Amino acid sequence: EVLNDIISAAELTADDVVLEVGAGQGILTDALAKRVKRVVAVELDQAFVPNLVERFAKRKNVEIVNADFLQWWGEKARAFRTAPVRSFSPASAGCEGSGALVPTASGDTMPKHPHKPLTGALLRRVTKESDEHCFIDQAFKVVANLPYGITSHALRILLEHEPRPRLIVVMV
C-alpha cells in the first residue's frame with residue numbers, strides 16, 4: 001500500500017527519468033522501472049549492490065550506481081555548473097544500450113556496462129566524461145525511500161543546487 005502511494009504521488013509517465021536514492025533491495029526500483037523511461041538507482045550499501053545488479057541486469061532502463069549519494073550528487077552538481085554549453089547526443093556518449101563505448105579523459109574509449117555498479121575510479125571517470133550528460137541534462141524526478149541519517153542533507157542538496165528535480169517524492 002505504501003509503495004502504491006509513493007508511485008501515485010510521483011505522477012509518473014513513460015517519459016520520466018527518475019533518480020532513486022537508497023535502492024535497498026530494489027522493490028521501489030522495480031516499480032519505477034515498469035513505469036518510466038529511465039531509473040538511476042543510487043545505493044551505498046555494498047551488501048545490496050550485487051543483488052540489485054543481478055536483479056536488473058536485463059532491464060535496459062535501470063542503472064545501478066554504487067556510491068554515497070551526498071558525495072555523488074555533489075560531484076554531479078559541480079560538473080553541471082562548470083560544464084561548457086555544447087551540443088550533446090546521449091547516444092554518442094554511450095548512454096544507451098549495452099556495450100556502448102564511453103570517451104575517457106585521454107580520448108580513448110572504454111566499454112560501458114550499464115548494469116554493473118560504477119565504483120571508485122570508474123565512477124569518477126564515467127561521471128566526469130559522459131554520465132552527467134546522460135542524466136542531468138534531462139528533466140528528472142526524485143522518488144526515494146531516503147535513509148533517515150541523510151534526509152535533511154539530501155533534500156538540501158537537491159533543492160539548493162542546480163540541476164533541480166521537477167518533483168521530489170520521499171519516504172523517510
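Okay, so let's go over this structure. The shown structure was predicted, so the numbers you read here are calculated from the model rather than taken from an experiment. (Residues numbered from 1 in each chain as written. Predicted model: local features only at pLDDT ≥ 70, side-chain atom pairs only at ≥ 80, totals over all residues. Heavy atoms only, no water.)

1. Details of the overall build of the protein
1) Next: Counting its secondary structure elements, the protein contains six helices and seven strands.
2) Next: Along the protein, helices (α) and strands (β) appear in the sequence α-β-α-β-α-β-α-β-β-α-β-α-β when read from the amino end.
3) Next: Put simply, the protein has 172 residues, and 47% of those count as buried.
4) Next: Sequence-distant contacts in the protein: of pairs separated by 6 or more residues, those separated by 24 or more amount to 61%.
5) Next: Of the roughly 9000 Å² that the protein leaves accessible, carbon and sulfur atoms contribute 53%. (Helix = DSSP H or I, 4+ residues; strand = E, 2+ residues; numbered from the N terminus. Buried < 20%, exposed > 50% of the residue type's maximum accessible area, 1.4 Å probe, protein only. Contact = heavy atoms within 4.5 Å. Areas by Shrake-Rupley, 256 points an atom, 1.4 Å probe, with all protein chains shown as cover.)

2. What to know about the packing of aromatic side chains
1) Next: Applying the stated criterion to the full structure yields four aromatic pairs.
2) Next: A ring pair is formed by phenylalanine 69 and tryptophan 73, whose centres lie 6.2 Å apart and whose planes are at 15°; its orientation type is stacked. Of this pair, phenylalanine 69 and tryptophan 73 both sit in helix α4 (residues 69-82), four residues apart, which is roughly one turn of the helix. No difference in accessibility class separates phenylalanine 69 from tryptophan 73, as the two residues are buried.
3) Next: Every member of this aromatic cluster is reached through a ring pair, and the members are Phe69, Trp72, Trp73 and Phe140. (Phe/Tyr/Trp six-rings, centres within 6.5 Å; stacked < 30°, edge-to-face > 60°.)

3. Considerations on the pairing of strand β7 (residues 167-171)
1) Next: Bridge count for strand β6 (residues 141-145) against β7 is five bridges, and the pairing is parallel. Directly across from asparagine 145, in β7, lies its bridge partner methionine 171.
2) Next: For the segment spanning β6, helix α6 (residues 151-160) and β7, crossover handedness is right-handed. (Pairing = 2+ DSSP bridges. Right-handed = clockwise from strand over helix to strand, strands pointing away.)

4. What about the pattern of salt bridges?
Side chains that carry opposite charge are capable of pairing whenever their charged atoms lie near each other.
1) Next: Under the counting rule described, the total for this entry stands at six salt bridges.
2) Next: When the shortest N-O distance is used, the salt bridge between aspartate 16 and lysine 141 registers 3.0 Å. Taken as a pair, aspartate 16 in the loop between α1 (2-9) and β1 (17-21) and lysine 141 in strand β6 lie far apart in primary sequence, 125 residues in all.
3) Next: By relative accessible area, aspartate 16 is classed as buried at 3%.
4) Next: Given a relative accessible area of 5%, lysine 141 falls into the buried group.
5) Next: Close ionic contact of aspartate 16 with arginine 166 constitutes a salt bridge, the shortest N to O distance being 2.7 Å. Linking aspartate 16 in the loop between α1 and β1 with arginine 166 in the loop between α6 and β7, this pair joins segments that are 150 residues apart in sequence. (Salt bridge = Lys/Arg side-chain N within 4 Å of Asp/Glu carboxyl O.)

5. Looking at the environment of alanine 10
1) Next: The topology assignment puts alanine 10 in the loop between α1 and β1.
2) Next: Sequence separation of alanine 10 and isoleucine 168 is 158 residues, and the distance between their C-alpha atoms is 7.5 Å.

6. Observations concerning the sheet that holds β1
1) Next: Read across the open sheet, the five strands follow the order β3-β2-β1-β6-β7; overall the sheet is parallel. This sheet does not close on itself; its edge strands, each paired only once, are β3 (62-66) and β7. Recorded for the sheet is a direction-independent mean angle of 15° between the axes of neighbouring strands.
2) Next: With five bridges joining them, β1 and strand β2 (residues 38-43) adopt parallel strand pairing. Within β2, the position partnered with valine 17 by the bridge is arginine 38.
3) Next: Contacts from α6 reach β1, β6 and β7 within the one sheet, and its direction differs from that of β7 by about 175°. (Axes fitted to C-alpha atoms, helices over the stretch in contact; angles between N-to-C directions.)

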